[in-house]
Amino acid sequence: MLRTRIRAGPLAGLVLSALFAALFAVISVGELFIPALSPEMGEPAPVTLRVPYGPRIVRDTHDGSFTLSYEHGRVIVPRGTVLSEHDEDHNAAMAYETVRRMRRPGLGARIASLYVMYLIVSLMLTVYLRRFGQNRVRLLRTQVGMFVLMTGSLVVAKLLLLFTALPEFWMPVAALPLWVAIAFDRRTAFLVEVGVGFIAASLLRFDVVLLSVLLMRGIAATMFFFKRKGSRQLLASGSFAGLAGAIGFIALTVLFEGSFDLGADLKRWLGSNVLACIGGGLLVGLLGRTLREPAERAMGHVPRDKLLDLTDLEQPLLKKMAAEAPGSWEHARAMANLAEASAAAIGADALLTRVGAYYHDLGKTVQPKYFIENLAPGERSPHEDLEPDVSADAIMAHVVMGTKILREGNIPEPVVEFAYTHHGTQVVEYFWHKCLEHGNPKGLTQDHFRYPGMKPQTKETAILMLVDSIEAASRTIWPPEQKKFEEMIQRVIFSKLAAGQLDQSGLTIEDLRIMTSRMASTLVNMNHGRIKYPWQREADRAGQPPTPTPHPSRPGTPTPTPSPARPATPTPTPPSGAPARDGSAAAPPSSPRGEAPAGGDDGEGASGAKDGQPEDSDRAPRKAH
């Protein structure tokens, strides 16, 4: 059985939540247990002392009345300031720190309460990712990476609070939801922002204004990020997020205090809260762009630059495939164009899909002659001398070998996933029927002819599974009309749906409808016709074959193209009505070369054969061949 990517279950989610909730608690109150960081009157402050924003009871010295007042100027005593009993701010900061550090009564209970709140937030996140997130965020590697990045964001925020005198609105915690939106989707990014914003606000006793600004800025950054391909877009989204945070801060201040003096705030320069809101947004965009690649790697996502490197046709593994399995390589290139267009049409990762198409059949380089696309005209198929189950194992071995080659070549796991999912868990129908025709002397079952891989877990891998069948079937469609292509594509899609191969892919009915239209249009354009050149028409009238075509690169020499008129080839129809590669149906009798016919019901819209050759599987051969 192939080793696949590990998905996080309930137990893993609980362990992750408990572990990282403990880390968040340490980050929040860890400095309380370090004696060197305890402030003393008359001594320089070892860390920056802050009193959170909130209401204070103020006594009028004239009439003795008390009023509830929100003081806009937060108390910040910079690190290194000598604490004086005669300074009101110093006294307020020391009083707040004394209450925080009091071991009795209640310090242990307060820490336990913090831990419980962090645990609840972490559990909410892991449960959502496991039950409602897309398949890629259900992976254990992805969830661990998210929590690691969240921990890193909180550490940066805590260091900013302890060792700088900057306003707390400089916290760049919104970079994390930006990375999540780039790698996965906005809904997951929104939930991550809520979690990280809540925990970051808890570092300042759940400052309500800080929490509100962090949430507004993080959600705005995610919403204003329109194009995942452009790194500059990260800076733009960070700028808009900063403006949104600043506007929200002013509105909240007016709500609590009744007024806001913008001029006085801006005159404070680095101490300005408005500038801090804007600057924090810019810092989010800058960090998002600078650390994008390592952040995506941490979450198990392949950075765009790495994918572009993998599309280079000089890549050693691609050169190996082009040299050793040229027919399979050309099929993969044709698939790449069709799959990329389909992925782009439904908003999936088009570049990842193209790369997956390039590499998914690399295992065919081990035994290329077992696949008809790599046989020369008239060359004898090795399947003629093999028993059906041995042939099936030989064919299925290419997925196992391809996965092994890709992993040994340090190809990213999301690309390797295409190798062991593009056949799902289908049956190699052609050899199974051939086994039954021979009386099944070994008493085998369908499971002996079933791919041991896994069903597609993402939209991108599901697209490749469909395109693998559709591209091969498109070669038999004539004339190349939109309606004929759509009928063939619909038959292939329905066969996959009926076999349950798309159950875990996340594709919707709308996605399938859009893909059908886009693939049909792409195939029509790929198979466009051309008129015959005069020398071709003269050769036809004379009943002679056309002369060799001059080299197309020679100047002044036209390049002839095939005539659009060619006879249609009828395809036999099996009783089962199973869809074939060409959108029709075909019976599964054995061919004289041991090759599979063009039809079957293996869930691929084909017999497990590619252009007449039995398809391959994700299982290593059980017998030597």
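1. Structural notes on the overall build of the protein
In terms of regular secondary structure, the protein is built from 22 helices and 6 strands. Out of the 625 residues belonging to the protein, those deemed buried represent 51%. Long-range contacts, defined as pairs at least 24 residues apart, comprise 74% of the intrachain contacts of the protein with a sequence gap of at least 6. Per element, the accessible surface of the protein, about 28,000 Å² overall, is 61% carbon and sulfur.

2. Quick notes on the pattern of salt bridges
What the rule picks out here adds up to 23 salt bridges. K158 is paired through a salt bridge with E31; the nearest N and O atoms lie 3.2 Å apart. Here E31 lies in the loop between α1 (10-29) and β1 (49-51) and K158 lies in helix α4 (residues 140-163), a separation of 127 residues in the sequence. Across this residue pair, the class does not change: K158 and E31 are buried. Residues R380 and E384 are paired through a salt bridge, measuring 3.0 Å at the closest nitrogen-oxygen approach.

3. Topic: the confidence of the model for the protein
Predicted confidence across the protein gives a mean pLDDT of 83, with 82% of residues reaching 70 or more. Segment residues 549-625 is flagged for pLDDT under 50; beyond a separation of four residues in sequence, or across chains, it makes 252 contacts in the model.

4. Digging into the packing of helix α15 (residues 350-359) against helix α17 (residues 413-421)
Following both chains from N to C, one finds α15 and α17 inclined at 55°, their axes separated by 9 Å at the closest point. By the angle class used here, α15 and α17 are oblique. Here α15 runs over α17; the crossing is right-handed. Counted together, L352, T353, V355, G356 and Y359 of α15 and P414, V415 and F418 of α17 form the full contact between these two elements. The residue inventory of the contact of α15 with α17, partitioned by class, reads 6 nonpolar, 2 polar and no charged.

5. Looking at α1
In a regular helix each residue adds 1.5 Å, so 20 residues correspond to 28 Å; α1 covers 29 Å between its end C-alpha atoms and thus fits that length. Of all the residues in α1, the buried ones are G13, L16, S17, F20, A21, F24, A25, I27, S28 and V29. Buried residues of α1 fall within an arc of 165° about the axis and therefore sit on the same side. Exposed side chains of α1 directed beyond 90 degrees from the buried face belong to L11 and V26. Summarising the contacts, the buried residues of α1 are in contact with α2 (88-101), α3 (107-131), α4 and α6 (186-202).

6. Comments concerning a nonpolar patch on the surface
Residues L262, L266, W269, L270 and L275 make up a contiguous nonpolar surface patch of about 510 Å² in total accessible area. Among the structural elements, L275 can be located in helix α10 (residues 273-290). The exposure class of L275 is partly exposed, given its relative accessible area of 30%.

7. Observations regarding the packing of helix α20 (residues 482-498) against helix α21 (residues 509-526)
At their nearest, the axes of α20 and α21 sit 9 Å apart, and the two run at 135° to each other. The orientation of α20 with respect to α21, classified from their angle, is oblique. In the crossing of α20 with α21, the sense of the turn from one axis to the other is right-handed. Contacts between α20 and α21 involve Q482, F485, E486, M488, I489, Q490, I493 and L497 on the former and, on the latter, L512, T516, S517, M519, A520, S521, L523 and V524. In terms of residue class, the contact of α20 with α21 is made up of 10 nonpolar, 5 polar and 1 charged.

8. Observations regarding helix α19 (residues 459-474)
Helix length check: α19 (16 residues) gives 22 Å between terminal C-alpha atoms against 22 Å at 1.5 Å per residue, within 8%. By the criterion of burial, α19 is predominantly enclosed, with 15 of the 16 residues buried.

9. Considerations on the packing of aromatic side chains
Across all of its chains, the model carries 11 aromatic pairs by this definition. Ring geometry for Y128 versus F132: centroids 6.1 Å apart, planes at 40°, classification tilted. When the centroid spacing of 5.1 Å and the interplanar angle of 65° are considered together, the rings of F169 and F249 count as edge-to-face. You can see F169 sitting in the loop between α4 and α5 (175-183) and its partner F249 sitting in helix α8 (residues 232-257), a full 80 residues away along the chain. Of the two residues, F169 and F249, both sit in the buried class. The structure contains a cluster of three or more aromatic residues connected by ring pairs, namely F20, F24, Y118 and F147. Directly above the aromatic system of F371 lies the positively charged group of K364, at a separation of 4.9 Å from the ring centroid.

Calculation rules
- Residues numbered from 1 in each chain as written.
- Predicted model: local features only at pLDDT ≥ 70, side-chain atom pairs only at ≥ 80, totals over all residues.
- Heavy atoms only, no water.
- Helix = DSSP H or I, 4+ residues; strand = E, 2+ residues; numbered from the N terminus.
- Buried < 20%, exposed > 50% of the residue type's maximum accessible area, 1.4 Å probe, protein only.
- Contact = heavy atoms within 4.5 Å.
- Areas by Shrake-Rupley, 256 points an atom, 1.4 Å probe, with all protein chains shown as cover.
- Salt bridge = Lys/Arg side-chain N within 4 Å of Asp/Glu carboxyl O.
- pLDDT = per-residue confidence, 0-100.
- Axes fitted to C-alpha atoms, helices over the stretch in contact; angles between N-to-C directions.
- Parallel < 35°, antiparallel > 145°, perpendicular 65-115°, else oblique.
- Left-handed = near helix turned anticlockwise from the far one by under 90°.
- Nonpolar A, V, L, I, M, F, W, Y, C, P; charged D, E, K, R; others polar.
- Expected span 1.5 Å × (residues − 1).
- Arc of directions from axis to C-beta.
- Patch = residues over 30% accessible without salt bridge, like charges linked within 9 Å, V, L, I, M, F, W, Y side chains within 5 Å.
- Phe/Tyr/Trp six-rings, centres within 6.5 Å; stacked < 30°, edge-to-face > 60°.
- Lys NZ or Arg CZ within 6 Å of the ring centre and 35° of its normal.

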